[in-house]
Amino acid sequence: MTTKPLRLKELAKGEDRFAHGHRMCAGCGAPIVVKQVLMATDYPIIASNATGCLEVSSCIQQFTAWKIPWIHSAFENAAATISGVETMYRSLVKQGKIEEQNVKFVSFAGDGGTYDIGFQSLSGAMERGHDMMYICYDNGAYMNTGIQRSSATPFGANTTTCPAGDAIPGKLQHRKDLTRIMAAHGIPYVAQASPANWMDLMKKVQKAFEIKGPKFLNVIAPCNRGWRTKTDDAITLAKIAFETCYWPLFEIENGVTKITSKPKEKKPLVDFLKPQGRFKHMFAPENEWMLVQAQEYVDAQWERLLKDEAAG
Amino acid sequence: MSKKFWEELPQGSVVLEAGSSAKFKTGSWRSMRPRWIEENCIQCMFCWMYCPDMSVKVTEEGKRADFDFEYCKGCGICALECPGKKGNKAIVMEGEGN
Ligand SMILES: Cc1ncc(C[n+]2csc(CCOP(=O)(O)OP(=O)(O)O)c2C)c(N)n1
Ligand code: SF4
Ligand code: SF4
């Protein structure tokens with residue numbers, strides 16, 4: 001199939017494969033991610049979805065927002081489920097029971113379902129080499145059950161299981177660098193994207209669909225309930241996230257790292273933290289050390305990424 | 001959509017109609033309402049691309065049409081991201097019912 005041209009005017013003429021009437025909160029970033037992923041290609045797609053906000057709100061008995069075959073099994077096994085579907089498809093094609101139709105297999109899951117609870121099934125599916133793409137929409141906590149910390153929750157964030165108060169000033173650990181962990185699986189394609197740079201995100205999806213084998217895409221998905229922000233700033237924050245290098249846009253193709261969009265000038269991390277209520281306490285005078293530490297961590301990660309890129 | 005009893009539902013919680021969520025109108029969630037000012041619109045389609053609720057209508061020629069108020073939840077993302085013409089926004093948010 002020829003790659004779909006990514007011109008907004010042309011794309012707008014197409015039909016959405018994710019319908020309105022879903023029940024994600026007003027201004028949620030996750031449906032923007034899903035619609036961009038599905039819009040990037042005309043290939044037939046079959047998806048699995050781990051339990052979480054996206055799954056719970058996109059398919060409520062009789063009402064599904066999905067216009068593609070979609071399956072929900074459990075929280076911990078989205079990757080195992082789609083790897084089974086992919087294997088069955090290959091087997092049926094081999095047996096001559098169905099025709100090869102270039103079907104693409106995708107898993108969607110939140111960060112809790114990816115970094116923590118679904119990690120073993122994700123790691124296993126990647127190691128077995130299934131022809132599938134796993135897409136994590138990372139909103140930085142278990143949002144669907146009321147903002148519990150996950151290993152993707154950034155340092156300092158206030159969540160219901162690491163509440164900022166007298167005992168602790170929010171989360172004391174840095175986030176798990178899952179994108180690099182996935183790259184360490186030696187799979188052919190790993191990337192990080194943001195819906196605020198739709199072109200970059202969709203190019204990555206297109207590229208990944210042309211690669212055989214396991215692919216992993218980590219996409220930042222602002223959540224105004226959990227981040228304690230306004231309902232209108234999901235895209236603005238998803239943009240500041242890469243402008244501050246908190247969420248760099250890069251890909252690792254066959255082990256080679258490439259930063260796909262470098263900010264002209266690296267903005268200070270506080271530009272990302274300040275608009276979010278979950279980091280409010282970090283701006284109290286006694287917590288200044290937290291701002292320093294958060295910035296140092298982002299700087300170190302960014303320097304390492306630049307080095308990886310330079311190493312080729 | 002009429003409610004079904006469990007005996008009438010397909011087995012295994014299978015939903016057979018793709019995109020049936022369209023029967024559930026989320027427009028009633030809105031407390032703020034976007035207004036499109038066509039003369040300031042440069043047809044960039046950012047609002048369409050970023051709307052989480054697929055609530056910006058498009059004509060057959062791929063041009064921006066009005067909002068779909070049956071589904072728009074009034075989040076305001078479209079208004080915030082709209083570049084408009086010469087700094088004049090083509091989308092403004094107003095209180096619902098005003
Ligand atoms: C094994 C298991 N544990 C706990 C739950 C309860 N549960 C449902 S959704 C959810 C949170 C999902 O978080 P995440 O994956 O980050 O997605 P989000 O809701 O943030 O989009 C939890 C804990 C469950 N369904 N299954
Ligand atoms: S206010 Fe939100 S839901 Fe309504 S059209 Fe704008 S972006 Fe879409
Ligand atoms: S974002 Fe604004 S200028 Fe662009 S198409 Fe929408 S209304 Fe028109």
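Keep in mind that this is a model prediction, so the values were computed, not measured.

1. Quick look at the overall build of chain A
Next up, step 1: From N to C terminus, chain A includes 11 helices and 10 strands.
Next up, step 2: A principal-axis box enclosing the C-alpha atoms of chain A has dimensions of 70 × 50 × 40 Å.
Next up, step 3: Counting over 312 residues, chain A shows a buried share of 58%.
Next up, step 4: A sequence separation of at least 24 residues applies to 70% of the contacts in chain A between residues at least 6 apart.
Next up, step 5: In the form shown here, chain A has an accessible surface area of approximately 12500 Å², with 54% of it arising from carbon and sulfur atoms.

2. Remarks on the overall build of chain B
Next up, step 1: The number of helices and strands found in chain B is two helices and four strands.
Next up, step 2: The secondary structure elements of chain B, listed N-terminal to C-terminal, are β-α-β-β-α-β.
Next up, step 3: For chain B, whose C-alpha radius of gyration is 17 Å, the value lies well above the compact-globule estimate of 13 Å for 98 residues.
Next up, step 4: The dimensions of chain B, computed from C-alpha atoms along their principal axes, are 60 × 35 × 15 Å.

3. Thoughts on the site of ligand 1
Residue and element names in this part refer to chain A.
Next up, step 1: Taken together, the neighbourhood of ligand 1 is formed by 16 residues, with Cys 53, Gly 112, Gly 113, Tyr 137 and Met 143 sitting nearest.
Next up, step 2: Contact distances for ligand 1 include 2.8 Å between an oxygen atom and a backbone N or O atom of Gly 113.
Next up, step 3: In the model, an oxygen atom of ligand 1 is placed 3.1 Å from a nitrogen or oxygen of the Asn 139 side chain.
Next up, step 4: Notes on ligand 1: free accessible area 590 Å², of which the protein chains cover 75%.
Next up, step 5: The greatest single-element share of the shell around ligand 1, amounting to three residues, is contributed by helix α5 (residues 111-116).
Next up, step 6: Looking at side-chain class alone, the shell around ligand 1 contains six nonpolar, eight polar and two charged residues.

4. So, the pattern of salt bridges
Next up, step 1: Inspection of the entire model under this criterion finds 23 salt bridges over all chains.
Next up, step 2: Two residues, Glu70(B) and Lys25(B), come together in a salt bridge whose shortest N-O distance is 3.5 Å. Of the two residues, Glu70(B) is situated in the loop between β3 (64-67) and α2 (77-81) and Lys25(B) in the segment before β1 (32-36); the sequence distance between them amounts to 45 residues.
Next up, step 3: Classification of Glu70(B) as partly exposed rests on a relative accessible area of 42%.
Next up, step 4: A salt bridge links Arg35(B) to Glu94(B); its shortest N-O distance comes to 2.7 Å. With Arg35(B) in strand β1 and Glu94(B) in strand β4 (residues 91-95), the pair connects residues that are 59 residues apart, well separated along the chain.
Next up, step 5: Ionic contacts of the salt-bridge type, sharing partners, join the residues Asp177(A), Arg180(A), Arg304(A) and Asp308(A) into one network.

5. Points about unusual backbone geometry
Only a minority of non-glycine residues have a phi that is not negative, and only a minority of peptide bonds are not trans.
Next up, step 1: The phi dihedral of Asn102(A) falls on the positive side, at around 55 degrees, and the residue is not glycine.
Next up, step 2: A positive phi is found at Ser13(B), a non-glycine position, where the angle reads about 55 degrees.
Next up, step 3: Here Ser13(B) is to be found in the segment before β1.

6. What to know about the site of ligand 2
Next up, step 1: All residues in the neighbourhood of ligand 2 are listed as Pro34(B), Cys51(B), Pro52(B), Ser55(B), Phe67(B), Cys72(B), Lys73(B), Gly74(B), Cys75(B), Gly76(B) and Cys78(B).
Next up, step 2: Residues that form the shell around ligand 2 fall into these classes: seven nonpolar, three polar and one charged.

7. A closer look at the packing of aromatic side chains
Next up, step 1: By the definition in use, this model includes 13 aromatic pairs over all chains.
Next up, step 2: Seen from their ring centres, Phe63(A) and Phe24(B) are 5.8 Å apart, and the 70 degrees between their planes marks the pair as edge-to-face. Here the residue Phe63(A) occupies a position in strand β3 (residues 63-64), and Phe24(B) occupies one in the segment before β1, the pair thus bridging two chains.
Next up, step 3: On the accessibility criterion, Phe24(B) (24% relative accessible area) is partly exposed.
Next up, step 4: A ring pair is formed by Phe67(B) and Phe69(B), whose centres lie 5.8 Å apart and whose planes are at 55 degrees; its orientation type is tilted.
Next up, step 5: For Phe69(B), a relative accessible area of 22% corresponds to the partly exposed category.

Reading the values: rules and limits
Residues numbered from 1 in each chain as written. Chains lettered and ligands numbered in written order. Predicted model: local features only at pLDDT ≥ 70, side-chain atom pairs only at ≥ 80, totals over all residues. Heavy atoms only, no water. Helix = DSSP H or I, 4+ residues; strand = E, 2+ residues; numbered from the N terminus. Buried < 20%, exposed > 50% of the residue type's maximum accessible area, 1.4 Å probe, protein only. Contact = heavy atoms within 4.5 Å. Areas by Shrake-Rupley, 256 points an atom, 1.4 Å probe, with all protein chains shown as cover. Rg over C-alpha atoms; globule rule 2.2 N^0.38 Å. Near = heavy atom within 4 Å. Polar contact = N/O pair within 3.5 Å; in protein donor to acceptor, adjacent residues only side chain to side chain. Nonpolar A, V, L, I, M, F, W, Y, C, P; charged D, E, K, R; others polar. Salt bridge = Lys/Arg side-chain N within 4 Å of Asp/Glu carboxyl O. Phe/Tyr/Trp six-rings, centres within 6.5 Å; stacked < 30°, edge-to-face > 60°.

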